[in-house]
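An overview of the molecular structure
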Amino acid sequence: MQDSSFTHRELLGPRSFAVQGSVLACLIALFAFIGPFGTYDSLGAAGRLGYWALALGANWLVCGSVMILTLRLAASASRRGLALAMAGAALVAAVPGTAVVLAAETLFRPGYEGGNALATIYPGVAVLMMAISFLVVGVLARVQTAAGDGASSAAGDAGRETVRFLDRLPPELGRDLVYLRMSDHYVEAFTTAGSTLVLMRFADAVAELEGAGGLRVHRSYWVSRRHVTGAARRNGRTVLGLTGGHEAPVSRGYLAAVRAAGLA
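Within every chain, residues take consecutive numbers counted from 1 along the sequence as written. Where totals are concerned, whole chains, interfaces and linings use all residues; where local detail is concerned, this predicted model gives features only for residues with pLDDT of at least 70, and gives and counts side-chain atom pairs only at 80 or more. Side-chain numbers come from the whole structure's heavy atoms, not from hydrogens or water.

**Quick look at the sheet that holds strand β4 (residues 214-218)**
- In this description, strands pair whenever DSSP reports at least two bridges between them. Strands are runs of DSSP state E lasting at least 2 residues, helices are runs of H or I lasting at least 4, and numbering of each runs from the N terminus. If you walk across this open sheet you meet the five strands as β3-β2-β1-β5-β4, and the pairing is antiparallel. Here the strands that pair on one side only, and so sit at the sheet edges, are β3 (194-199) and β4. Each neighbouring strand pair of the sheet contributes to a mean axis angle of 20 degrees, computed without reference to strand direction. Orientation is described by axes fitted as lines to C-alpha atoms, over the contacting stretch for helices, and by angles from 0 to 180 degrees between their N-to-C directions.

Below you can see the structure in the form of C-alpha cells.
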C-alpha cells in the first residue's frame with residue numbers, strides 16, 4: 001500500500017535534503033552577490049554572505065517545519081486548497097522569520113535603524129516564506145516527476161519483459177497496460193487494445209507489476225503513470241483521467257502517494 005505521505009517521502013528524504021541544500025546555497029550566493037534590501041551598500045562581501053546565510057538558512061528551517069506540518073494537515077485538500085493553506089502558513093511562519101531577520105540585523109548591521117522596522121520587515125519576510133514554500137514544493141515535484149518518467153520509460157523498454165503480470169495477457173491485447181480494476185475474484189486488465197479478465201487476487205497482480213511504472217490509487221485500482229492524462233475533483237473525490245477516456249478513482253488512503261507522484 002502506497003500511503004506514505006508527501007511530507008515524509010519527499011521533504012524528509014535524502015533526495016529532498018540534497019535538492020533543498022542546493023537551492024538554498026544558490027539563493028544565499030545570489031543574495032550575497034546582489035545585496036538586496038540595502039545590504040550591498042552597508043556590508044562587504046563577507047558580511048553579506050554571513051547575513052544572508054543566517055537570514056535565509058534559519059528562515060528555511062522555520063519555513064520547512066511549518067510547511068511539513070501544513071502538508072500533513074492538508075493532505076486531502078485539492079491543489080488550490082493546498083496552495084491557500086501554504087500561503088496562510090507562510091504568513092504565520094513570517095512571524096518567527098521576522099525575528100530571525102532582526103537578529104541578523106543586530107549581528108551584521110548594529111547601526112540599523114527604522115521607526116517602522118517590524119512593519120517594513122514582516123511583509124518582505126512573508127513574501128520570502130511564500131517563495132521558499134512554493135519553490136521547494138515545485139522543485140521536489142519536478143524531481144519526483146522526472147524520477148517517475150524515468151521509471152516509466154525503463155518499464156516501457158527493457159522493464160516490460162520482466163513484468164510477470166504482462167505475460168498473463170492475451171497476445172492480441174499487447175503489453176501496453178493502462179490500468180487494472182478489481183472485479184470480484186478477477187482482475188480486469190485494460191490495455192490500449194482492449195480488456196480481459198484474469199483469475200487472481202488483486203494484491204498479487206499489483207505485486208507482479210512492480211517495476212512497470214505504475215501505482216495503486218485505490219483498493220480496487222492500479223494505474224500506469226504514463227497513461228494518466230489528468231486529474232479532477234468530483235463530488236469531493238479525486239478522479240484520474242486515463243488514456244482512452246477511462247477513469248480511476250483515488251481513495252483517501254492513496255491520495256498522498258498520488259500527489260507525491262505528481263499525478264494530482
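**So, the pattern of salt bridges**
- We count a salt bridge whenever a side-chain nitrogen from Lys or Arg sits within 4 Å of a carboxyl oxygen from Asp or Glu. Within this structure, the stated rule accounts for seven salt bridges.
- In this structure, D176 engages R226 in a salt bridge whose closest nitrogen and oxygen atoms are separated by 2.6 Å. Here R226 lies in the loop between β5 (221-224) and β6 (228-234) and D176 lies in the loop between α6 (117-156) and β1 (177-183), a separation of 50 residues in the sequence.
- Between E247 and R234 there is a salt bridge, and its shortest N-O distance comes to 2.9 Å. Of the two residues, E247 is situated in strand β8 (residues 247-250) and R234 in strand β6; the sequence distance between them amounts to 13 residues.
- Residue E247 is classed as partly exposed on the basis of its relative accessible area, which comes to 40%. Exposure categories follow from relative accessible area, calculated using a 1.4 Å probe and restricted to protein chains: below 20% of the type maximum is buried, above 50% is exposed, and the middle band is partly exposed.

**Remarks on the environment of A248**
- Topologically, A248 is positioned in strand β8.
- Spatially, the C-alpha atom of A248 lies 8.2 Å from that of H218, the residues being 30 residues apart in sequence.
- Note on contacts: a residue pair is in contact if any heavy atoms of the two residues lie within 4.5 Å. Not counting residues up to four positions away in its chain, the partners in contact with A248 are V217, Y221, V223, T238, V239, L240 and L242.

**Re the layout of surface pockets**
- In this analysis, the protein atoms alone were mapped onto a 1 Å grid. Cavities are point sets where a 1.4 Å probe fits without being able to get out; pockets are open sets with protein on both sides within 12 Å along at least five of seven lines; lining residues have an atom within 4 Å of a point. Grid points are joined across faces, edges and corners, and a volume is the space filled by probe spheres set on the points. Looking at the second largest pocket, its volume works out to about 330 Å³.
- Lining the second largest pocket are 16 residues, with F37, W52, V101, I121 and G124 positioned closest to its centre.
- Among the elements that take part in the lining of the second largest pocket, α6 stands out by supplying six residues, more than any other.
- Of the residues belonging to the lining of the second largest pocket, the class tally is eleven nonpolar, three polar and two charged. For this classification, Asp, Glu, Lys and Arg are treated as charged, while Ala, Val, Leu, Ile, Met, Phe, Trp, Tyr, Cys and Pro are nonpolar and the rest, including Gly, are polar.

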